[in-house]
Amino acid sequence: MMLTRVCLAALAAVAVSAAAAGQSSIPGLDIKVTKIERAASASLRDCPPGTNTVSAVSKPGEQFALVTVAFKVSSAYKPAPMKRPTVTDSTDKSYFTPSQFVDVASVPEFSCTFPFRVPEGTKLKALKIENASFDLAGMDK
Amino acid sequence: MEVDRRVFIASLGGPAVVALMDHEAKAEALEHYMEEKLDEMVAQNQGGQPEKFPTVAEIEAQIETRPYRRGAGSVFTGQRGENVKKLKPMPDKPTLEDFFELRFAPANHVLQSATRAMKTGMSEEIILACLLHDCVLSLIKPDHGWWGAQLFEPYIPEKSAFAIRYHQTLRFYPDEEAGYEYPDQYYRIFGHDYTPPQYIQDTYKMLKNHKWYMEPRLVTVNDLYAFDPNAKVSIEPFKDIIGRLFKQPKEGLGYDNSPSAHMWRTLARPDNPL
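Q: Looking at this structure, how should I read the pairing of strand β9 (residues 132-135) of chain A?
A: If a strand is regular, its side chains alternate between the two faces of the sheet. Residue and element names in this part refer to chain A. Relative to β9, strand β8 (residues 124-129) runs antiparallel, the two sharing 4 bridges. Among the inter-strand pairings, Lys-128 is bridged to a residue of β9, identified as Ser-133. Counting the residues between successive antiparallel strands, the hairpin from β8 to β9 contains 2 residues, one of them, Glu-130, with a positive phi of roughly 50 degrees.

Structure representation (structure tokens):
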């Protein structure tokens, strides 16, 4: 029981440290947020991206927050289904992206732009990919 | 849109390369070229502003500019304004794969959709529904969800037929949590001020509370991401699923006296005058 508690505490500490540093806690997958933009429309592509031609368009009072993320895949990465990323705003409200991870191990290095439909002027706080959290507040100005 | 023939041929690698391409490949290359040019024109004309979509009235005004109706199935109309081509005859006892090869081809969109469903770990019923969801567009386009479900219903699991029937309705309704956005192509083909008719609204209300809501929803999610002109797909990865879930009639599709046999026969012989 004691050992379990120690292990859980250690895991929690690792998770907090990974989140604070904005690092990936997915073994073999190096993840870095590179850019945040705003746009009236968003190209709907999976991650890694192909050349899908469908887009989504914002409605009045809305916009797309486009969060670009760079990925590097190493041999330690074990392919497994991954959930779609989410972002939170300054009030911790969550927003979903339609982009899905498909065949992540198919290329060693790639960049994906995840669109999030948000009310105009929304400030993003964090990006979540699986159990990793990335601080966006510093970048979203 | 005007296409500069020389620039187009050069973009493909020159006349020698073009000479090696079959008719289908040339048509596909032209379509991709025009799509790219269209994107460039839109960006140039609007300085990066969002595309201006037509209204319902503007789309309706186009009806009498065509020699065919938009709802005609693709085997009944020429592609890109050309005359129709003579179709290869079907075997005596045609299978689903024969229809894919001879009547639904190139079927790129449904193959992409099913490939995505497979790669993201969806159930075999959903993968099959994605593979079949738009095949009926060869026969008829309006209400393709209902027509498609009817065509396949005697041969596939109930969940797959449900997903095919109702993906048509759910395509009009975004679901951010499920990963479905309203596609810009719908603004283009229906008009930006389009409102789905009452029966679609009623069907949506029914589906929202249905225990199988996610079945057609997952078809729409994969549908959205299956318009990649460069994707390389084939029916090969789906042969096992078809073998397990599709009840191929021994008499051949169209000759088993099922409730949809006549629809298969129409697809097999679209040039019959009566």
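Q: Could you clarify how one ought to interpret unusual backbone geometry in this entry?
A: Where the residue is not glycine, phi is negative for most of them; where a peptide bond is considered, it is trans in most cases. Of note, the bond from Cys47(A) into Pro48(A) is cis; its omega dihedral lies within 30 degrees of zero at -5 degrees. Backbone torsion omega between Ala105(B) and Pro106(B) reads 5 degrees, so that peptide bond is classified as cis. Inspection of the secondary structure puts Pro106(B) in the loop between α5 (96-102) and α6 (108-119). Phi at Asp103(A) is positive, roughly 60 degrees, even though this residue is not glycine. Along the chain, Asp103(A) turns up in the loop between β6 (94-96) and β7 (109-119). Backbone geometry places Asn257(B), a non-glycine residue, at a positive phi of 60 degrees. Given the relative accessible area of 75%, Asn257(B) is considered exposed.

Q: Explain the sheet that holds β7(A) here, please?
A: Backbone-to-backbone hydrogen bonds join strands into a sheet, with any given pair of strands oriented parallel or antiparallel. Residues and elements named next belong to chain A. Taken in spatial order, the 3 strands line up as β1-β4-β7 in an open sheet, and their pairing is antiparallel. Taken across any chain shown, the strands that pair with only one partner, and hence form the sheet edges, are β1 (29-39) and β7. Neighbour-to-neighbour, the strand axes of the sheet open up by a mean angle of 20 degrees, direction not taken into account. Alignment of strand β4 (residues 62-73) against β7, held across 11 bridges, turns out to be antiparallel. Paired with Thr-68 across the bridge in β7 is Thr-113.

Reading the values: rules and limits
- Residues numbered from 1 in each chain as written.
- Chains lettered and ligands numbered in written order.
- Predicted model: local features only at pLDDT ≥ 70, side-chain atom pairs only at ≥ 80, totals over all residues.
- Heavy atoms only, no water.
- Pairing = 2+ DSSP bridges.
- Helix = DSSP H or I, 4+ residues; strand = E, 2+ residues; numbered from the N terminus.
- Buried < 20%, exposed > 50% of the residue type's maximum accessible area, 1.4 Å probe, protein only.
- Axes fitted to C-alpha atoms, helices over the stretch in contact; angles between N-to-C directions.

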